[in-house]
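# Overview (structure and organization)
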Amino acid sequence: MSNSMLTTEAAVNGPVTTTVMSMQQALNRALDEVLAENPKALIFGEDCGRLGGVFRITDGLQAKHGEQRVFDTPLAESGILGMSVGLAMAGFHPIPEVQFDGFAYPAINQIVCQMARMNYRSRGTMPMPITLRVPSFGGIRAPEHHGESLEALFAHVPGLKVVSPSNPHEAYHLLKYAATRPDPVIFMEPKSRYWQKGEVDTASHDPAGGSPTGAKVMREGRHLTLVAWGAMVARCLQVAELAAEDGIDVEVLDLRWLKPIDAAALAVSVRKTRRAVVVHEAPLTSGLGAEVAQLITQGCFDTLKAPVERVTGFDVPYPSGDLEDEYIPNIDRILFGIQRVLEYKRG
Amino acid sequence: MDTLPVAAGDAADPLTPAQLRELYSLMVAVRHLDASAIAWQRQGIIPGYAPELGQEAAQVGSGYAVDTTRDFVFPTYREMGVARTMGVDMVAYMATHKASWHGGLYDPVKSRLAPIQAVVAGSVLHAVGWAHGQTLAGAADGKLGVALTYFGDGASSQGDVHEALNFAAVMKAPVVFFVQNNGWAISVPTERQVAGGSVAARAAGYGMPALQIDGDDVVAVVEATRRAFAHARAGNGPVLIEAMTYRRGPHSTSDDPGRYRSLDEERDGAGADPLERFRQRLLAEGIADEAFFAEALAAAKAEEELIRTGIQGLDSRPGTEMFDLVFQETTPVLQGQATNWREESEHV
Ligand SMILES: Cc1ncc(C[n+]2csc(CCOP(=O)(O)OP(=O)(O)O)c2C)c(N)n1
């Protein structure tokens, strides 16, 4: 599949750096560049060498960078993450993969008790520059444990940072950024978006000069803010289009970093719109929506016109394919959430 | 390798001609259903499936040794042949591949087959717990229910498997660890997965007897599994069986084996087809004739058609089950979510 070069406004000022590619290609390219730029970077996991990963994110990297740098491991997630910790202690920059979100659970002990704490335990002498790639969230009618939303679980662990891209451009830049950090980052890839194409400007993350560690306004609006991340950003943008037909002007904020959360960006957006709905696939109870709502309340209490609403998955195990659409927030449920905040009357 | 003391009694009895024919019929039924399930996936009847082409002897042979009045089986996602051999309702079994319900829709308690397990090595420790429960329940030696747990060469890399082997050996739990070494864990061949190349060899380190067998010879599989069951049932503790076989097809319906092995490698690795091998043997020994084989195939086809119709007739589960089946005792928050869901999604 060849990437077509597009002429954009950027071309006026310099060489064309914008390419249309899928998120899978964007991630692959980012990893390729990280390996080329950092001789200490290593990629490993189940089937990510010769096969190029079950989602082909590491396709061709072993052939290009060699079996020392990109390799298959035995089928042992605890082993993969525990070995990452040791490699980091030896000065490497591991970029391990767990094949599907649900298989991060067997590695939780190494992630939570070891990777997240080693910097602290060693008084900063043993940094853990590890980027754990986790194909995440549902939406592909996969078998059990092949679609889960673990963000709250990871975000709750001191010592971990969590990020999730929503489109190919974000995927390329956020992965490149994450993979050069000195701390452990859980990189949650929305697998339902892997084959979605979009423009990637490889030269610059954010033409508006925003920071790679912040949230990003994906659509400006006046009446309320939809806060989302990962796969839910695209759905919220769809909802915003539909709401616009009814004269409701929705702002969509892509949180991007789920830890640390950009509280300032939340406040800026919601102080403008004065209403907010958080949308996530993960179960409601103790989900990240609660954290976001609290940050908004704190930053905007005096201007809020309604309590922050949440539209989320339910407190049930992620269901089988047939019930997936009942579980993941759909357009209707998000519109109901919008209606609730718009129609809220003070008691 | 064979470090299992030779058993006395039934386990040593040779299979009767009727049993041999039954084994063949089961293998044909499984082969046919497996091929059909792949076709169903291509036709959009089911979203995915994990084929077992070439593993019929290992699955039918081991499942055949199970006594469903007292034993219990812990499958992975690839044990369709075991389920069929045990007499599990195959429409309800296939429902998991139809994405109707995780784990399948059959009754695991009645059918003695635990819900289908998608986590590699996820239920190996459960087998040990269940088996230890048999000991605690105080059945006389020789009458113990035995747990039969399946896993692959890839799964043998999981820490849980090592913990299970050690627990079982320490507790002398009546469990049979049945490893289907089909040569591959998705794209990773056994030699890159299992240090030393043999899972059976590890058993010695846990003080456990083990058998490494030709997993493509259904008679050898039945005999080995029966011996292992007899050993465990008698209160002598666990046994590990490593059945050497070959995954002839892709790992799953979304896998492309051409990326990690060539057709030549497939042909060399696969060896003789277990079904054809058994057929030749039955013919040579005069146990079955062409008419019998034709009848077995016709029965398999008829059965497949019934199962397909059953699956196509399966509706999605009602969305309320999503909430109703989380707990035995539900919570107010969950009930509230169910109510909201009904209002917003079913408009009631
Ligand atoms: C804990 C866990 N990690 C990863 C996976 C993804 N996965 C599914 S099957 C498989 C390979 C399993 O190989 P093996 O145990 O040899 O069994 P086989 O599929 O060959 O029957 C992998 C990596 C999983 N299901 N569970």
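Please read these numbers as outputs of a predicted model, since none were measured by experiment. (Residues numbered from 1 in each chain as written. Chains lettered and ligands numbered in written order. Predicted model: local features only at pLDDT ≥ 70, side-chain atom pairs only at ≥ 80, totals over all residues. Heavy atoms only, no water.)

Around the ligand lies a shell of 20 residues, among which Glu77 of chain A together with Tyr77, Arg78, Gly154 and Ala155 of chain B are the nearest. Between an oxygen atom of the ligand and a side-chain N or O atom of Tyr77 of chain B, the distance comes to 2.7 Å. Here Asp153 of chain B contributes a side-chain N or O atom positioned 2.9 Å from an oxygen atom of the ligand. Coverage of the ligand by the protein chains reaches 96% of its 580 Å² of free accessible surface. Of the residues assigned to the shell around the ligand, the class counts are ten nonpolar, six polar and four charged. (Near = heavy atom within 4 Å. Polar contact = N/O pair within 3.5 Å; in protein donor to acceptor, adjacent residues only side chain to side chain. Areas by Shrake-Rupley, 256 points an atom, 1.4 Å probe, with all protein chains shown as cover. Nonpolar A, V, L, I, M, F, W, Y, C, P; charged D, E, K, R; others polar.)

In terms of nonpolar packing, the biggest core is built from 67 residues, with Leu23, Tyr24, Trp40, Tyr93, Met94 and Phe278 of chain B touching the most fellow members. At eleven residues, the largest contribution of residues to this core is made by helix 1 (residues 17-42) of chain B. The residues contacting Tyr93 of chain B, other than those within four sequence positions of it, are Tyr77, Glu79, Met80, Ala83, Val88, Gly104, Tyr106, Leu113 and Ile116 of chain B. Counting 50 residues, the second-largest nonpolar core is a separate cluster that includes Leu81, Met115, Ala116 and Phe137 of chain A. (Core = buried A, V, L, I, M, F, W, Y, C linked by side-chain atoms within 4.5 Å. Buried < 20%, exposed > 50% of the residue type's maximum accessible area, 1.4 Å probe, protein only. Helix = DSSP H or I, 4+ residues; strand = E, 2+ residues; numbered from the N terminus. Contact = heavy atoms within 4.5 Å.)

Residue and element names in this part refer to chain A. Here the amide bond leading from Lys259 into Pro260 is cis, since omega sits at 0 degrees, within 30 degrees of zero. Take Pro260: it is sitting in the loop between strand 12 (257-259) and helix 10 (263-273). The backbone of Arg256 sits at a positive phi, close to 60 degrees, despite the residue not being glycine. Among the secondary structure elements, Arg256 is positioned in the loop between strand 11 (250-254) and strand 12.

With that settled, consider the pattern of salt bridges. Inspection of every chain in the model, using the stated rule, returns 38 salt bridges over all chains. With its nearest N and O atoms 3.0 Å apart, the salt bridge here joins Arg227 of chain B to Asp2 of chain B. Of the two residues, Arg227 of chain B is situated in helix 8 (residues 218-233) and Asp2 of chain B in the segment before helix 1; the sequence distance between them amounts to 225 residues. In this structure Arg227 of chain B comes out as buried when scored by relative accessible area, which is 17%. On the accessibility criterion, Asp2 of chain B (46% relative accessible area) is partly exposed. Via salt bridges that share partners, Arg29, Glu33, Glu37 and Lys176 of chain A belong to a single interconnected network. (Salt bridge = Lys/Arg side-chain N within 4 Å of Asp/Glu carboxyl O.)

Moving on: the packing of helix 2 (residues 23-37) of chain A against helix 8 (residues 168-178) of chain A. All names here are of chain A. Between helix 2 and helix 8, the shortest axis-to-axis distance is 8 Å and the interhelical angle comes to 20 degrees. Put simply, helix 2 runs roughly parallel to helix 8. Seen from above, helix 2 lies across helix 8 with right-handed handedness. The residues of helix 8 that touch helix 2, namely those facing Met23, Ala26, Leu27, Arg29, Ala30, Leu31, Glu33, Val34 and Glu37, are Pro168, Ala171, Tyr172, Leu175 and Lys176. Each residue belonging to the contact of helix 2 with helix 8 can be placed in one class, and the counts come to ten nonpolar, no polar and four charged. (Axes fitted to C-alpha atoms, helices over the stretch in contact; angles between N-to-C directions. Parallel < 35°, antiparallel > 145°, perpendicular 65-115°, else oblique. Left-handed = near helix turned anticlockwise from the far one by under 90°.)

Turning next to helix 7 (residues 159-171) of chain B. Residue and element names in this part refer to chain B. Between its terminal C-alpha atoms helix 7 stretches 18 Å, which fits the 18 Å expected from 13 residues at 1.5 Å a residue. Turning to helix 7, its buried residues number three or more, namely Val161, Ala164, Leu165 and Ala168. Down the axis of helix 7, the sector holding all buried residues measures 95 degrees, keeping them to one side. Looking at the packing, one finds that the buried side of helix 7 touches helix 6 (124-136), strand 2 (147-152), strand 3 (175-181) and strand 7 (239-244). Phi turns positive one or two residues past the end of helix 7, at Lys172, with a value near 55 degrees. (Expected span 1.5 Å × (residues − 1). Arc of directions from axis to C-beta.)

It is worth spelling out the confidence of the model for chain B at this point. Per-residue confidence for chain B gives a mean pLDDT of 96; residues scoring 70 or more make up 99%. With pTM at 0.94, the complex prediction returns an ipTM value of 0.93. (pLDDT = per-residue confidence, 0-100.)

A word on the side chain of Ser164 of chain A. Residues and elements named next belong to chain A. Relative to the helices and strands, Ser164 is located in the loop between strand 6 (161-163) and helix 8. By relative accessible area, Ser164 is classed as buried at 0%. A distance of 2.8 Å separates a polar atom in the side chain of Ser164 from the backbone oxygen of Met188. Filtering out sequence-adjacent residues up to four positions away, Ser164 remains in contact with Phe137, Leu174, Met188, Pro190, Gly230, Arg256 and Leu258.

This part takes up the pairing of strand 7 (residues 185-190) of chain A. Residues and elements named next belong to chain A. With respect to burial, strand 7 is a largely interior element, six of its six residues being buried. Both faces of strand 7 are covered, namely the face carrying Val185, Phe187 and Glu189 and the face carrying Ile186, Met188 and Pro190. One ladder, built from six bridges, connects strand 5 (residues 131-136) with strand 7; its direction is parallel. Following the sheet pairing, Ser136 is matched in strand 7 by Pro190. As defined by bridge partners, strand 6 adjoins strand 7 across three bridges and the pair is classed as parallel. For Val163, the partnering residue across the bridge sits in strand 7 and is Phe187. Once the chain exits strand 6 it traverses helix 8 before rejoining the sheet at strand 7, and the crossover so formed is right-handed. (Pairing = 2+ DSSP bridges. Right-handed = clockwise from strand over helix to strand, strands pointing away.)

Quick look at the interface of chain B and chain A now. Facing 38 residues of chain B, the contacting portion of chain A comprises 37 residues. For the pair chain B and chain A, the summed buried surface comes to about 3,200 Å²; carbon and sulfur atoms form 56% of the total. A per-residue breakdown of the area chain B buries against chain A is headed by His102, Arg259 and Glu344 of chain B, which together make up 23% of the total. Where chain B touches chain A, the interface holds two salt bridges. One salt bridge in this structure joins Arg259 of chain B and Asp59 of chain A, with 2.5 Å as the shortest N-O distance. Our count for the contact surface shared by chain B and chain A stands at 17 residue pairs in polar contact (both at pLDDT 80 or more). (Buried area = accessible area lost by both parts, 1.4 Å probe.)

Right, let's get into the sheet that holds strand 11 of chain A. Residues and elements named next belong to chain A. With respect to topology, five strands assemble into an open sheet ordered 9-11-10-13-14, the strand pairing being mixed. This sheet does not close on itself; its edge strands, each paired only once, are strand 9 (216-219) and strand 14 (309-312). Averaged over all pairs of adjacent strands, the angle between strand axes in this sheet comes to 25 degrees, irrespective of strand direction. Alignment of strand 9 against strand 11, held across three bridges, turns out to be antiparallel. When the bridges of strand 11 are listed, Lys216 appears paired with Asp254. Here helix 13 (residues 331-342) sits on the sheet in contact with strand 10 (224-228), strand 11, strand 13 (276-280) and strand 14, set at roughly 175 degrees to strand 14.

Relative to the helices and strands, Asp72 of chain A is located in strand 3 (residues 70-72). For Asp72 of chain A, the side chain forms a polar contact with the main-chain nitrogen of Cys48 of chain A, separated by 3.0 Å. Excluding its chain neighbours within four sequence positions, the residues that come into contact with Asp72 of chain A are Gly45, Glu46, Asp47, Cys48, Gly49 and Arg50 of chain A together with Ser187 and Val188 of chain B.

Here the focus is the packing of aromatic side chains. A full pass over the atoms with the stated rule returns 20 aromatic pairs over all chains. Pairing Phe55 of chain A with Phe100 of chain A gives two aromatic rings, centres 5.2 Å apart and planes at 65 degrees, and the pair type is edge-to-face. With Phe55 of chain A in the loop between strand 2 (41-45) and helix 3 (61-65) and Phe100 of chain A in the loop between strand 4 (93-97) and helix 5 (108-115), this pair connects stretches of sequence that are 45 residues apart. We note that Phe55 of chain A, like Phe100 of chain A, is buried. Considering the side-chain rings of Phe72 of chain B and Trp130 of chain B, the 5.5 Å spacing of their centres and the 40 degrees angle between planes classify their relative orientation as tilted. Taken together, the residues span a long stretch of sequence, with Phe72 of chain B in strand 1 (residues 72-74) and Trp130 of chain B in helix 6 at a distance of 58 residues. (Phe/Tyr/Trp six-rings, centres within 6.5 Å; stacked < 30°, edge-to-face > 60°.)

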